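# Geometric and topological summary
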Amino acid sequence: TTGTIAPAHRVGPDYRPDAQKPTATVSTQISYDNVHILPQTSQLLALLTMIRDKNTARADFIFYSNRIIRLLVEEGLNHLPVIGHTITTPVGQSYAGVKFQGKICGVSIMRAGEAMEQGLRDCCRSVRIGKILIQRDEDTSKPKLFYEKLPEDISERWVLLLDPMFATGGSATMAVDVLKSKRVPEDRILFLNIIASPEGVTGFAKRFPRLRVVTAFVDQGLDEKNYIVPGLGDFGDRFYTL
Ligand code: PRP
Ligand code: URA
């Protein structure tokens, strides 16, 4: 097993003294500007605790994963540019605000990444979604590309790339190579992820310095089968079939 030392923090509301707060393992920090880790709030840590638990049944796994995915999508959207937009309110006053600029699309790495599509649709009505089917070989952990279907004008869009698990980084790297072959500029790709390994996300951030990663948690490492530890097991199995 490769790995980092898991950092532990006191968790709970500020008004409580530290001695009354439990200690929880929080995300490993990554020193790359293009890796954004969600704030390690008590809610996020509680949601992650639910989906990591091997005794969590499928219906709960789906429900709590969806809450984390919603947080990732909302944070990911904050990385898109906005332009100034002043409106008039019903009381006749003006408000200097902003509005989204540009076109976006989602791209899910099948099968597990498809679990993140609904969270994106909940925030971006009728968003276009492309698919890339990449499967990791169970023995070698090497990714294999089987299929891709992407919006025709993808090179003019911001791309939210979706995959909940980021282990060796092989699958995500292959997906980015597909996007780049379709002329999507690297700095218009945002990779949304639930749990990453430190080695996977560091290698990826170095290889694609202009692409941004938004993740909920960077874990300790990988085991001998290249599963993330402590991780949550096989996300696709737990979401779709277990
Ligand atoms: C899993 C996961 C990622 C990939 C991560 O998919 O959903 O796509 O492995 O591993 P990596 O970073 O080492 O490439 P898998 O190929 O098992 O297929 P699934 O989505 O159908 O479960
Ligand atoms: N894919 C998963 O679903 N989980 C892991 O830990 C690694 C790859």
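What you are looking at is a predicted structure, and each value in this text was computed from that prediction instead of being measured.

## A look at the packing of helix α1 (residues 42–52) against helix α2 (residues 58–77)
Between α1 and α2, whose axes approach to 9 Å, the crossing angle comes to 145°. Crossing of α1 over α2 shows left-handed handedness. Contacts from Leu44, Leu47, Leu48, Met50 and Ile51 in α1 reach Asp60, Phe61, Tyr64, Ser65, Arg67, Ile68 and Leu71 in α2. The class makeup of the residues in the contact of α1 with α2 is nine nonpolar, one polar and two charged.

## Things to note about the site of ligand 2
Every residue near ligand 2 is listed here: Ala112, Met165, Ala167, Tyr227, Ile228, Gly231, Asp234, Phe235 and Gly236. A breakdown of the residues in the shell around ligand 2 according to their chemical character gives six nonpolar, two polar and one charged.

## Notes on helix α5 (residues 198–207)
Along α5, the positions that sit buried rather than exposed are Pro198, Gly200, Val201, Phe204 and Ala205. Around the axis of α5, the buried residues are gathered within 165° of arc, so they sit on the same side. Looking at the buried side of α5, the elements it contacts are β3 (35–37), β10 (165–166), α4 (170–181), β11 (189–196), β12 (212–218) and β13 (221–222).

## Digging into the site of ligand 1
As a matter of local geometry, ligand 1 sits amid 21 residues, with Ala112, Ala167, Thr168, Ser171 and Gly236 nearest to it. When residues of the shell around ligand 1 are traced back to their parent elements, those giving at least two are β7 (129–136), β10, α4 and α6 (235–241). The element contributing the most residues to the shell around ligand 1 is α4, with three residues.

## Digging into α1
Buried residues of α1: Leu44, Leu47, Leu48 and Ile51, and no others. The buried residues of α1 all sit within an arc of 100° when viewed along its axis, so they share a single face. Those residues of α1 hidden inside the fold are in contact with α2 and β12.

## Thoughts on the nonpolar core
Counting 56 residues, the largest nonpolar core has Val159, Leu161, Ile189 and Leu192 as its most contacted members. Tallying contributions element by element places β11 first for this core, with seven residues. Beyond its immediate stretch of four places on either side in the chain, Leu161 contacts Val107, Ala175, Ile189, Leu190, Phe191 and Leu192.

## Things to note about unusual backbone geometry
The amide bond that connects Met110 to the next residue, Arg111, takes the cis arrangement and shows omega of 5°. With respect to the element layout, Arg111 can be found in the loop between β6 (104–110) and α3 (117–123). The omega torsion of the bond from Val229 to Pro230 falls at -5°, within 30 degrees of zero and hence cis. Tracing the backbone shows Pro230 in the loop between β14 (228–229) and α6. Its identity as a non-glycine residue notwithstanding, Arg183 has a phi of 65°, on the positive side. Looking at the element boundaries, Arg183 is found in the loop between α4 and β11. According to the C-beta neighbour criterion, Arg183 is exposed, with 9 such atoms within 10 Å.

Basis of the calculations
- Residues numbered from 1 in each chain as written.
- Chains lettered and ligands numbered in written order.
- Predicted model: local features only at pLDDT ≥ 70, side-chain atom pairs only at ≥ 80, totals over all residues.
- Axes fitted to C-alpha atoms, helices over the stretch in contact; angles between N-to-C directions.
- Helix = DSSP H or I, 4+ residues; strand = E, 2+ residues; numbered from the N terminus.
- Left-handed = near helix turned anticlockwise from the far one by under 90°.
- Contact = placed C-beta atoms within 7 Å.
- Nonpolar A, V, L, I, M, F, W, Y, C, P; charged D, E, K, R; others polar.
- Near = placed C-beta within 6 Å.
- Buried ≥ 20, exposed ≤ 12 C-beta atoms within 10 Å, placed from the backbone.
- Arc of directions from axis to C-beta.
- Core = buried A, V, L, I, M, F, W, Y, C linked by C-beta atoms within 7 Å.

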